[in-house]
Amino acid sequence: MGADEVCWPVGDVAHVPVLSSRPMRGFTWRAKQRHRPGLEVMASTGRGHGFESLEEMRLLVALDFLGASEVLSQPFRLDFAHKSGSSWHIPDYLAVIGGGIWLMDVRPMGLFKDEAALKFAAAREMAAACGWQYSVIAGWRPHVWSVLDHLSSRRRPVRDLLGMRDQLLTIIGGQEGRAMTTCCFSSAPRRQATNAASASKLCASPPPFCSPPPVS
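Not measured: the values here are computed from a predicted model. (Residues numbered from 1 in each chain as written. Predicted model: local features only at pLDDT ≥ 70, side-chain atom pairs only at ≥ 80, totals over all residues. Heavy atoms only, no water.)

### Some remarks on unusual backbone geometry
Okay, step 1: Unusually for a residue other than glycine, Gln74 sits at a positive phi of about 45°.
Okay, step 2: Tracing the chain through its elements places Gln74 in the loop between β3 (70–73) and β4 (78–82).
Okay, step 3: Phi at His143 takes a positive value of approximately 75°, unusual for a residue other than glycine.
Okay, step 4: Turning to its location among the elements, His143 is positioned in the loop between β8 (133–137) and α3 (144–153).
Okay, step 5: We classify His143 as exposed; its relative accessible area is 63%. (Helix = DSSP H or I, 4+ residues; strand = E, 2+ residues; numbered from the N terminus. Buried < 20%, exposed > 50% of the residue type's maximum accessible area, 1.4 Å probe, protein only.)

### Comments concerning the pairing of β8
Okay, step 1: The pairing of strand β7 (residues 100–106) with β8 spans 5 bridges and is classified as parallel. By the bridge assignment for β8, Asp105 is matched with Val136.
Okay, step 2: Assessed by its sense of winding, the connection that carries the chain from β7 through helix α2 (residues 114–130) to β8 is right-handed. (Pairing = 2+ DSSP bridges. Right-handed = clockwise from strand over helix to strand, strands pointing away.)

### Thoughts on the packing of helix α1 (residues 54–66) against α3
Okay, step 1: Running from N to C, α1 and α3 cross one another at 65°; their axes reach a closest spacing of 10 Å. On the basis of their axis angle, the class for α1 and α3 is roughly perpendicular. Note on packing geometry: the crossing formed by α1 with α3 is left-handed. Between α1 and α3, the residues in contact are Met57, Arg58, Val61, Ala62 and Phe65 and Trp145, Leu148, Leu151 and Ser152, respectively.
Okay, step 2: Split by residue class, the contact of α1 with α3 holds 7 nonpolar, 1 polar and 1 charged. (Axes fitted to C-alpha atoms, helices over the stretch in contact; angles between N-to-C directions. Parallel < 35°, antiparallel > 145°, perpendicular 65-115°, else oblique. Left-handed = near helix turned anticlockwise from the far one by under 90°. Contact = heavy atoms within 4.5 Å. Nonpolar A, V, L, I, M, F, W, Y, C, P; charged D, E, K, R; others polar.)

### A short note on the pattern of salt bridges
Okay, step 1: Scanning the model with the defined rule gives 5 salt bridges in all.
Okay, step 2: In this structure, Arg77 and Asp79 form a salt bridge, with 3.1 Å as the shortest nitrogen-oxygen distance.
Okay, step 3: What makes Asp79 partly exposed here is its relative accessible area of 48%.
Okay, step 4: Among the salt bridges present, the one from Glu115 reaches Lys119, with a minimum N-O distance of 3.5 Å. Note that Glu115 and Lys119 are positioned in helix α2 at a spacing of 4 residues, about one turn of the helix. (Salt bridge = Lys/Arg side-chain N within 4 Å of Asp/Glu carboxyl O.)

Everything listed here is a matter of geometry and, on its own, says nothing about what the molecule does.
Quick look at the structure:
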């Protein structure tokens, strides 16, 4: 909590201000690392939330569409005993969804191991003791993520950072392909010109689409 670490028995966690906690470990970047950490800005909470993999990032996008009012990354460390000794586990997320609290872990189905299953079982028991819900996100149904990704890309207005909106809309005039050869960036790589033309489509509704002439 804050700059200090505190310990609580599981039975008392439901009465602890968990939502004021900080992540148990930082989100770091280094060369040649195998996972991909980052920050996902959620419209529902108004701030960025850390993730350590693309699968975790996808969960944050889904939680944003669910209207989660609060999301905490790696909210606490759970120490527990089992018949072979003792272990510990840091759940991935704690989210407030519709007035209820949901504890979540993210692990693709192909990466499940016995050790992970033991830790997830301990997290589930803790969540039950606190009156929370618990889920392990192991994957997505077909087409769910592609739809969320598409909708997510259009949630926020796109600014005309290059100051080319009016020029591109005039040039396009129903023939999108011409923008790549007649705009002031015609000498730029084709990919950059295409991205600029795509950005103009997000700033305003262009005339009805017509098939562009071939670009050599």
